[in-house]
Amino acid sequence: MRGGDGAFRLPSAKATCTLLGAGLLLWIAFAYGVFPWLLERSYRGEGLSILTAAMGNRDQTSVDRYLDRWAELADAGVFTLIGAIVFAAIWARRGLNLDRHWFTPGRLSDLALARIACVGFQLFLLVFPSFPGCSGCSLDYQLALTGAEASEYGPLLSLKALLAPFGWGTRPDMAFLETIKIIGIASGTLALLGLLGRWSVLGLAWAATTLVAHSYSYGEYHHAEGLLLITLWALGLSPSHRARTLLGWLRARGGRGETLGGATDAFATWPLRLTQWLFAASYFDAGASKLLTSGVAWFQPTTLAYYFARDGIERGFPVGVWLSEHTALLSLAAIAAVGLELAFFLAVLMPRLAPAFVVAMTGLHASIYVAQAAPFPQHIVLLWVAFLPALRRYGATLPWRGTERSTIERTLAAEAPG
Amino acid sequence: MRNVRKIAVSGGITIAIALQIGTQVFETDATFWPFTPYHMYSDAFGPGSTFAMYELRAVTATPEDSGRVVTNLDASIPRYRFERILAAAADGQEHILNPEPDGAARLLAANVAELGPYETVELWERRYEIGPKGLVTRDAPRTLVRAWPVQ
């Protein structure tokens, strides 16, 4: 959409509501009318050949099973769109502005700090693969996987795409994986120093994503690495390389110009905002799936006792085993965890709450590691990075920095999202 | 140029968020990784729930040999997938990698055969129970679930 000045602007929250409403009507017509009809025809071999091929087990599965499964997906789509409409309506009522939310000028120095933290941590994981949280970073593990039978290798879509120049669906050998890791470490070092612009960040993102995707192409995946890798890609595509660089520092030191540290850019906000929303969506999913799968039964103390005992014994973490034997506070812990997960999106919409949520979720991830040895170090680093602007603004309002308060309050008013 | 860039970024943001929400709603597991659902740990467990820890051993014909522990790395199989194979072998089930009767045990025997001159595969189990007040005992007895020949 174009504004009066000819610039492209994202639709208003009201227009988004209308678009989502139209999308809902289209989805209902497609999901409950067109697709079931197509599915039945394809089941008989008369419809789309791609659909017929997708129903490989037609001999053993009745058409009703396929229709029931589709009906579940159709319902899930309807509920999601209704949820999005409600969300957009609240957004519209509060007068929030989508364009300003994503493209308000942000500080390049914040984005550059995010680059240094994310690149630095991913580089650390590649150089020290025994640190928990990135099994794909370990060449020993990759070596074991390359010895697996060909029938066990099921390359992820992302791996196929990243290795497409070498052949769609190709299986990398050990020498290739070692080369990718070397590329990752070299690109990461350059990206840390802000050299080679966006290409060094993208090089690290490509190498790390490829390594982890390969390790997840053998029938098992985990959740720790995904968000950091997506953020690395976003940082590579943003102007994160335009501040806090080695060359800029040298120039500033020699008095030959100044760095862009204090400058702002309309494209400096979206990468961290995207990470915030991905956090909100994934936490909400984690909380909602517990309620949808188990209801309030999830809060009985034996649920957490089971998980703490199983993971603690299996991974040799005594705190988890001890907790599984002392259930008095486990229901409260379960309620607090689900509550935080479901409410986390408030940290995005109300930046004043962000510091509290960041500290609480850091504590939650740390507790989960101590009790269950489930490592999410990337999430801990990323929480502080994604909410860096809100944390910086909050830090400046602390009592011992009172002299800066009035300035900060003005900044807060000017930078408030939406 | 700036408009093109803004449209491209807006499109990218929309795709990323749609992928994240889509994987969650349609439970696509790792299909669109690194966008994944976060449904882990969502099952509830009441009093009386049990879980088992398995240990696979490869044993030679020497009478006093207690054998060696076989890990997932020995078998070139990711950790949790390996544990699922052990559980399937304990119950005499087939496995997706070997969908014939007792396929999981046959698969493990084939893996052990590659490690050296072993004669027998042993599967040991410790079973733990969660009571109304949590874990009943951390010293669950170790029992031999089954033993079968490598060949």
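Residues numbered from 1 in each chain as written. Chains lettered and ligands numbered in written order. Predicted model: local features only at pLDDT ≥ 70, side-chain atom pairs only at ≥ 80, totals over all residues. Heavy atoms only, no water.

## Quick word on the overall build of chain B
Phase 1 of the analysis: Scanning chain B for helices and strands turns up three helices and five strands.
Phase 2 of the analysis: Taken over C-alpha atoms, the radius of gyration comes to 23 Å for chain B, far larger than the 15 Å a tight globule of 151 residues would show.
Phase 3 of the analysis: Burial statistics for chain B: of 151 residues in total, 44% are counted as buried.
Phase 4 of the analysis: The long-range share in chain B, meaning contacts at least 24 apart out of those at least 6 apart in sequence, stands at 51%.
Phase 5 of the analysis: Accessible surface, chain B: about 7,800 Å² in total, of which carbon and sulfur atoms supply 55%.
Phase 6 of the analysis: Of the charged side chains in chain B, 15 are positive and 18 negative, and the gap between their average positions amounts to 13 Å. (Helix = DSSP H or I, 4+ residues; strand = E, 2+ residues; numbered from the N terminus. Rg over C-alpha atoms; globule rule 2.2 N^0.38 Å. Buried < 20%, exposed > 50% of the residue type's maximum accessible area, 1.4 Å probe, protein only. Contact = heavy atoms within 4.5 Å. Areas by Shrake-Rupley, 256 points an atom, 1.4 Å probe, with all protein chains shown as cover. Lys, Arg positive; Asp, Glu negative; His and termini not counted. Charge placed at Lys NZ, Arg CZ, Asp CG, Glu CD.)

## Focus on the confidence of the model for chain B
Phase 1 of the analysis: Looking at chain B as a whole, the pLDDT averages 90, with 96% of positions reaching at least 70.
Phase 2 of the analysis: The secondary-structure element of chain B with the lowest mean pLDDT is helix H3 (residues 103–113) of chain B, recorded at 88, while strand E4 (residues 134–135) of chain B shows the highest, at 96. (pLDDT = per-residue confidence, 0-100.)

## A word on the interface of chain A and chain B
Phase 1 of the analysis: Contact residues are listed per partner, giving 76 residues for chain A and 57 residues for chain B.
Phase 2 of the analysis: Both sides together, the interface formed by chain A and chain B hides about 5,900 Å², and carbon and sulfur atoms give 64% of it.
Phase 3 of the analysis: Taken together, the connections running from chain A to chain B amount to three salt bridges.
Phase 4 of the analysis: For Arg138 of chain B, the salt bridge identified is with Glu325 of chain A, shortest N-O distance 2.7 Å.
Phase 5 of the analysis: Considering each element in turn, the side of chain A that touches chain B owes the most residues, twelve residues, to helix H12 (residues 270–294) of chain A.
Phase 6 of the analysis: A class-by-class count of the residues in the side of chain A that touches chain B yields 41 nonpolar, 21 polar and 14 charged. (Buried area = accessible area lost by both parts, 1.4 Å probe. Salt bridge = Lys/Arg side-chain N within 4 Å of Asp/Glu carboxyl O. Nonpolar A, V, L, I, M, F, W, Y, C, P; charged D, E, K, R; others polar.)

## Digging into the packing of aromatic side chains
Residue and element names in this part refer to chain A.
Phase 1 of the analysis: Tallied over the entire structure, the rule returns 32 aromatic pairs over all chains.
Phase 2 of the analysis: For the ring pair Trp27 and Phe30, a centre distance of 6.1 Å and an interplane angle of 45° mean the geometry is tilted. Residue Trp27 and its partner Phe30 are both found in helix H1 (residues 13–43); the two are separated by three residues, about one turn of the helix.
Phase 3 of the analysis: A residue is classified by how much of its surface remains accessible, and Trp27, at 19% relative accessible area, is buried. (Phe/Tyr/Trp six-rings, centres within 6.5 Å; stacked < 30°, edge-to-face > 60°.)

## A closer look at the confidence of the model for chain A
Phase 1 of the analysis: The pLDDT averaged across chain A works out to 90; a share of 93% of its residues lies at or above 70.
Phase 2 of the analysis: Confidence, expressed as mean pLDDT per element, reaches its minimum in chain A at helix H20 (residues 405–415) of chain A with 51 and its maximum at helix H10 (residues 226–237) of chain A with 98.

## Looking at the pairing of strand E3 (residues 120–131) of chain B
Residue and element names in this part refer to chain B.
Phase 1 of the analysis: By the bridge criterion, ten bridges tie strand E1 (residues 50–59) to E3 in an arrangement that is antiparallel. Across the sheet, Glu55 pairs through a bridge with Trp124, a residue of E3.
Phase 2 of the analysis: Where E3 lies against E4, two bridges are found, and the strand directions are antiparallel. The residue of E4 that forms the bridge with Ile130 is Leu135.
Phase 3 of the analysis: Counted between consecutive antiparallel strands, the loop separating E3 from E4 contains two residues. (Pairing = 2+ DSSP bridges.)

## So, unusual backbone geometry
Phase 1 of the analysis: Here Trp33 of chain B and Pro34 of chain B are connected by a cis peptide whose omega angle stands at 15°.
Phase 2 of the analysis: Assignment of secondary structure puts Pro34 of chain B in the loop between helix H1 (2–26) and E1.
Phase 3 of the analysis: The phi dihedral of Arg244 of chain A falls on the positive side, at around 50°, and the residue is not glycine.
Phase 4 of the analysis: On the accessibility criterion, Arg244 of chain A (43% relative accessible area) is partly exposed.
Phase 5 of the analysis: A positive phi angle, close to 50°, is found at Asp29 of chain B, a residue other than glycine.

## Considerations on the packing of helix H15 (residues 330–343) of chain A against helix H17 (residues 354–372) of chain A
Residue and element names in this part refer to chain A.
Phase 1 of the analysis: With their axes 11 Å apart at the nearest point, H15 and H17 run at an angle of 135° to one another. Between H15 and H17, the angle is such that the two are oblique. Along this stretch, H15 crosses H17, giving a crossing that reads as left-handed. Taken together, the residues of H17 that come into contact with H15 (itself represented by Ala337, Leu340, Glu341 and Ala343) are Phe357, Ala360, Met361 and Leu364. (Axes fitted to C-alpha atoms, helices over the stretch in contact; angles between N-to-C directions. Parallel < 35°, antiparallel > 145°, perpendicular 65-115°, else oblique. Left-handed = near helix turned anticlockwise from the far one by under 90°.)

## A short note on the environment of Val319 of chain A
All names here are of chain A.
Phase 1 of the analysis: Among the structural elements, Val319 can be located in helix H14 (residues 318–325).
Phase 2 of the analysis: When its relative accessible area of 36% is taken as the criterion, Val319 is described as partly exposed.
Phase 3 of the analysis: In the structure, Val319 is positioned 52 residues away from Ala371 in sequence and 5.3 Å away in space, judged by C-alpha atoms.

## Quick notes on the pairing of E1 of chain B
Phase 1 of the analysis: Of the strand pairs in this sheet, E1 of chain B and strand E2 (residues 68–70) of chain B are connected by three bridges, and their pairing is antiparallel. Counterpart to Arg57 of chain B in the pairing with E2 of chain B is Val69 of chain B.

## Here we look at the nonpolar core
Phase 1 of the analysis: In terms of nonpolar packing, the biggest core is built from 86 residues, with Trp102, Trp270, Leu274, Phe344 and Phe387 of chain A together with Trp33 of chain B touching the most fellow members.
Phase 2 of the analysis: Apart from the residues lying within four places of it in its own chain, the contact partners of Trp33 of chain B are Leu156, Ser158, Thr209, Val212, Ala213, Tyr216, Tyr221, His222 and Leu229 of chain A.
Phase 3 of the analysis: Grouped together as the second largest cluster of nonpolar side chains are 22 residues, Phe82, Leu86, Ala109 and Val121 of chain B included. (Core = buried A, V, L, I, M, F, W, Y, C linked by side-chain atoms within 4.5 Å.)

## Focus on the pattern of salt bridges
Phase 1 of the analysis: On inspection of all chains with the given rule, the structure shows 15 salt bridges over all chains.
Phase 2 of the analysis: We note a salt bridge from Glu46 of chain A to Arg44 of chain A, for which the minimum N-O separation is 3.3 Å.
Phase 3 of the analysis: What makes Arg44 of chain A exposed here is its relative accessible area of 52%.
Phase 4 of the analysis: For Glu55 of chain B, the salt bridge goes to Arg57 of chain B, with nearest N and O atoms at 2.7 Å.

## Observations regarding the side chain of Asp265 of chain A
All names here are of chain A.
Phase 1 of the analysis: Locating Asp265 in the fold gives a position in strand E2 (residues 264–265).
Phase 2 of the analysis: Asp265 gets classed as buried once you look at its relative accessible area, which sits at 9%.
Phase 3 of the analysis: Here Arg242 takes part through its side chain, which lies 2.8 Å from a polar atom of the side chain of Asp265.
Phase 4 of the analysis: Here the side chain of Asp265 touches Phe267 through a polar contact of 2.6 Å, landing on its backbone nitrogen.
Phase 5 of the analysis: Not counting residues up to four positions away in its chain, the partners in contact with Asp265 are Thr104, Pro105, Gly106, Leu108, Pro239 and Arg242. (Polar contact = N/O pair within 3.5 Å; in protein donor to acceptor, adjacent residues only side chain to side chain.)

## Some remarks on helix H9 (residues 197–215) of chain A
Phase 1 of the analysis: In this model, H9 of chain A (19 residues) spans 29 Å end to end at C-alpha, consistent with the 27 Å of a helix rising 1.5 Å per residue.
Phase 2 of the analysis: Across the 19 residues that make up H9 of chain A, a large majority, 16, are buried. (Expected span 1.5 Å × (residues − 1).)

## Topic: the state of the cysteines
Residue and element names in this part refer to chain A.
Phase 1 of the analysis: Inspection of every chain in the model, using the stated rule, returns one disulfide over all chains.
Phase 2 of the analysis: Left without a disulfide partner, Cys118 is nearest to the cysteine sulfur of Cys134, which lies 14 Å away.
Phase 3 of the analysis: Exposure remark for Cys118: the relative accessible area of 0% places this residue in the buried category. (Disulfide = S-S within 2.5 Å.)

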